[in-house]
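Reading the structure
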Amino acid sequence: MRKSIQSARTFKSSVIIFLFLCLPCSTALFAAEKEQAKKIINESGFQNGLVVEIDCDDGQLTAALGKATSGMVQGLDTEAQQVRQTRRKIRAHELGGRVSARSFDGETLPYADNLVNLIVATNGTPVTEEEIMRVLTPLGTAWIDG
C-alpha cells in the first residue's frame, strides 16, 4: 500500500578483473534503483531541498536519489552496519558532500521542524505520521510504499 502525505598488480589485476566482471551485475542492480528514484521524484513533485530516506538498507536508493536530484539527500537507518554500507555506496558513486547517511533511533527523525522537503520510505516505516509531519516543510511530501 503506497501512501502519499503532503503538508502545506597480480593481486591488483585479479581485483580489476573481478570488478570488471561484477560491474554489469552491479550496474543492472543500480539501474532499478535509478528508475525507482526517478519515479519517486516525479510522483512526489519534488523540486529541490532535503530528501530523507528512512531505513536506507544497502544505500542503493539513497545513492540513486542523489543522482536523480541536485538537492541534499540523507539516508537514515537504525543499524550502524547499514549506515556504513550506505556511506560506501555514496563514496563509490562520488556523491559525498550532497549525499550522506546517519543513524537514528527508528522513531524520532533527527531534524528540526519544517526542514525536510521529501521523505522516502520504501518498506513502510515505524516512524509515526505525526513525526513525519513535524519535519516536513509546509509543501513537503512523504512518499511511503509498503
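Residues numbered from 1 in each chain as written. Predicted model: local features only at pLDDT ≥ 70, side-chain atom pairs only at ≥ 80, totals over all residues. Heavy atoms only, no water.

1. A few points about the nonpolar core
Nonpolar side chains in soluble globular proteins tend to be buried together. Quick reminder of the rule: Think of a nonpolar core as a cluster: buried Ala, Val, Leu, Ile, Met, Phe, Trp, Tyr and Cys residues, connected wherever their side-chain atoms sit within 4.5 Å. Remark: exposure states derive from per-residue accessible area (1.4 Å probe, protein chains only) relative to the maximum for the residue type, with buried under 20%, exposed over 50%, and partly exposed in between. Going along the chain from the N terminus, every DSSP run of H or I of four or more residues is numbered as a helix, and every run of E of two or more is numbered as a strand. Pairs of residues are marked as contacts when any of their non-hydrogen atoms sit within 4.5 Å.
With 19 residues, the main nonpolar core has Ile40, Val51, Leu61, Leu65, Leu118 and Val120 as its most contacted residues. At the level of secondary structure, the elements contributing two or more residues to this core comprise helix H1 (10-44), helix H2 (60-68), helix H3 (80-92), strand S4 (99-103) and strand S5 (116-121). Discounting chain neighbours no more than four positions away, the residues touching Ile40 are Leu61, Leu118, Val120, Thr122 and Trp143. Among the nonpolar cores identified, the runner-up in size contains 16 residues, and Val52, Leu109, Ala142 and Ile144 belong to it.

2. Considerations on the pattern of salt bridges
Heads up, the condition is: Note on definitions: salt bridges are taken to be side-chain nitrogens of Lys or Arg within 4 Å of carboxyl oxygens of Asp or Glu.
Counted by the stated rule, this structure contains three salt bridges. We note a salt bridge from Arg134 to Asp113, for which the minimum N-O separation is 2.7 Å. In this pair, Arg134 sits in helix H4 (residues 129-135) while Asp113 sits in the loop between S4 and S5, placing the two residues 21 residues apart along the sequence. Residue classification places Asp113 among the partly exposed positions, given a relative accessible area of 48%. Between Arg134 and Glu131 there is a salt bridge, with its nearest N and O atoms 2.7 Å apart. Of this pair, Arg134 and Glu131 are both found in helix H4, three residues apart, which corresponds to roughly one turn of the helix. Overall, the relative accessible area of 26% leaves Arg134 in the partly exposed class. When salt bridges with common partners are traced through the structure, they connect Asp113, Glu131 and Arg134 into a single cluster.

3. Comments concerning the side chain of Ser44
Note the cut-off: We call two N or O atoms a polar contact when they sit within 3.5 Å, provided that within protein one can donate a hydrogen and the other can accept it, with sequence-adjacent residues counted only if both atoms are side-chain atoms.
Relative to the helices and strands, Ser44 resides in helix H1. Residue Ser44 is classed as buried on the basis of its relative accessible area of 10%. A distance of 3.2 Å separates a polar atom in the side chain of Ser44 from the backbone oxygen of Ile41. A polar atom in the side chain of Ser44 sits 3.2 Å from the backbone nitrogen of Phe46. Each residue touching Ser44, except ones within four places of it in the same chain, is listed here: Leu118 and Thr141.

Remember, this is a structural readout, not a statement about activity or role.
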